[in-house]
Structure formats: C-alpha cells, structure tokens
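Observations on chain architecture
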Amino acid sequence: QVQLVDSGGDLVQPGGSLTLSCAGSGFIFSNVPMSWYRQAPGKERELVARITASGDSTTYANSVKDRFTISRDNDKNTGFLQMDSLKPEDTAVYYCNIVIAWSTYWGQGTQVTVSS
C-alpha cells in the first residue's frame, strides 16, 4: 500500500537550518508530484512547497520563498525540504503529501520547533 514516512524534525534556534525527508513506498515515486504542508497549533494546514514528478519545477508559499528548498531523489524514492533561516513562525508539524488518482496520501508528520 502507499506509504509516506516523514522525518527530520527537531528543535532549532532562530536562524538555524533543518532538512526534512519523506520516504515513499508502494507506488512509482518518480511518476508523482510531491508537496510539503505544515500545520501550526490552532491554524489550518497550509501548503509550503511543491515539486513536479521529475523535479524540474518547484513552487513555494510566499512566507518561505528564498528560505526553503524542495527537492527529490527519485532513485531513492525520497523527497526533501531544506529549511534555512528558520523563524519562530515556522514552528509547525510538517507533512509530505501526494495525490494518486484523486486519492490523497499524507506522511505521519514531523515536528519542527524554532525557539531560543
């Protein structure tokens, strides 16, 4: 079955960096676009970044543009979110996401906390 496993979340100081990973299985990873979402306490889940199946095109939320980089390694069935210049407002649970044949799949989420 389709499975996404998020990892890499941690406590980091403002201005620091983290890289999140999303390992996919049960589907042809290289055929599917991938996204990262996040949800802060008391807020709705929001789209952070998206990458095409081949990795040749990316889009970002304005709030993370020029600080976050989405990428993927289709040979390893893994997606990444490199997060630099982290701010306290980036604190959230981060989820990777794919859609296959109108079905949506989520990772279990990984907690990112930005605090001094």
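Presented here is a report on the structure given in the accompanying data block. Worth saying up front: this structure is predicted, and the values here are computed from it rather than measured.

**Concerning the overall build of the protein chain**
- Across its full length, the protein chain holds 0 helices and 11 strands.
- Secondary structure elements of the protein chain occur, N-terminal to C-terminal, as β-β-β-β-β-β-β-β-β-β-β.
- With the C-alpha coordinates aligned to their principal axes, the bounding extent of the protein chain is approximately 40 × 25 × 20 Å.
- For the protein chain, buried positions account for 40% of its 116 residues.
- At a minimum sequence separation of 6, the contacts of the protein chain that also span at least 24 residues come to 52%.
- As presented, the protein chain carries roughly 6200 Å² of accessible surface, and 47% of it is formed by carbon and sulfur atoms.

**As for the sheet that holds strand 8 (residues 78–83)**
- The strand order across the open sheet formed by 4 strands is 1-3-8-7, and the pairing between neighbours is antiparallel. Of all strands in the sheet, those with a lone pairing partner are strand 1 (3–7) and strand 7 (68–73), marking the two edges. The average undirected angle you get between the axes of adjacent strands in this sheet is 15°.
- When strand 7 meets strand 8, the two strands line up antiparallel, connected through 6 bridges. What sits directly across from Phe-68, in strand 8, is Met-83.

**Examining the packing of aromatic side chains**
- One pass over the full model with this rule turns up 3 aromatic pairs.
- Both rings, one in Tyr-37 and one in Trp-106, keep their centres 5.0 Å apart while their planes meet at 70°; by these two values the pair is edge-to-face. Within this pair, whereas Tyr-37 is found in strand 4 (residues 34–39), its partner Trp-106 is found in strand 10 (residues 103–106), the two being separated by 69 residues in sequence.
- On the accessibility criterion, Tyr-37 (17% relative accessible area) is buried.
- Given a relative accessible area of 35%, Trp-106 falls into the partly exposed group.
- With centroids separated by 6.2 Å and ring planes inclined at 85°, the aromatic side chains of Tyr-95 and Trp-106 adopt a geometry described as edge-to-face. Placement of the pair is Tyr-95 in strand 9 (residues 92–100) and Trp-106 in strand 10, with a sequence separation of 11 residues.
- An aromatic cluster of three or more residues is present, and its members are Tyr-37, Tyr-95 and Trp-106.
- When the ring centre of Tyr-95 is taken as origin, the NZ or CZ atom of Arg-45, which lies over that ring, is 3.8 Å away.

**Here we look at the side chain of Arg-72**
- With respect to the helices and strands, the residue Arg-72 is situated in strand 7.
- This buried residue, Arg-72, is left without a salt bridge; Asp-73 holds the nearest opposite charge, at 8.4 Å.
- A polar side-chain atom of Arg-72 sits 2.9 Å from the main-chain carbonyl oxygen of Val-32.
- Setting aside residues up to four positions removed in sequence, Arg-72 forms contacts with Phe-29, Ser-30, Val-32, Pro-33, Met-34, Ile-51, Thr-52, Ala-53, Gly-55, Thr-78, Gly-79 and Phe-80.

What counts and how
Residues numbered from 1 in each chain as written. Predicted model: local features only at pLDDT ≥ 70, side-chain atom pairs only at ≥ 80, totals over all residues. Heavy atoms only, no water. Helix = DSSP H or I, 4+ residues; strand = E, 2+ residues; numbered from the N terminus. Buried < 20%, exposed > 50% of the residue type's maximum accessible area, 1.4 Å probe, protein only. Contact = heavy atoms within 4.5 Å. Areas by Shrake-Rupley, 256 points an atom, 1.4 Å probe, with all protein chains shown as cover. Pairing = 2+ DSSP bridges. Axes fitted to C-alpha atoms, helices over the stretch in contact; angles between N-to-C directions. Phe/Tyr/Trp six-rings, centres within 6.5 Å; stacked < 30°, edge-to-face > 60°. Lys NZ or Arg CZ within 6 Å of the ring centre and 35° of its normal. Lys, Arg positive; Asp, Glu negative; His and termini not counted. Salt bridge = Lys/Arg side-chain N within 4 Å of Asp/Glu carboxyl O. Polar contact = N/O pair within 3.5 Å; in protein donor to acceptor, adjacent residues only side chain to side chain.

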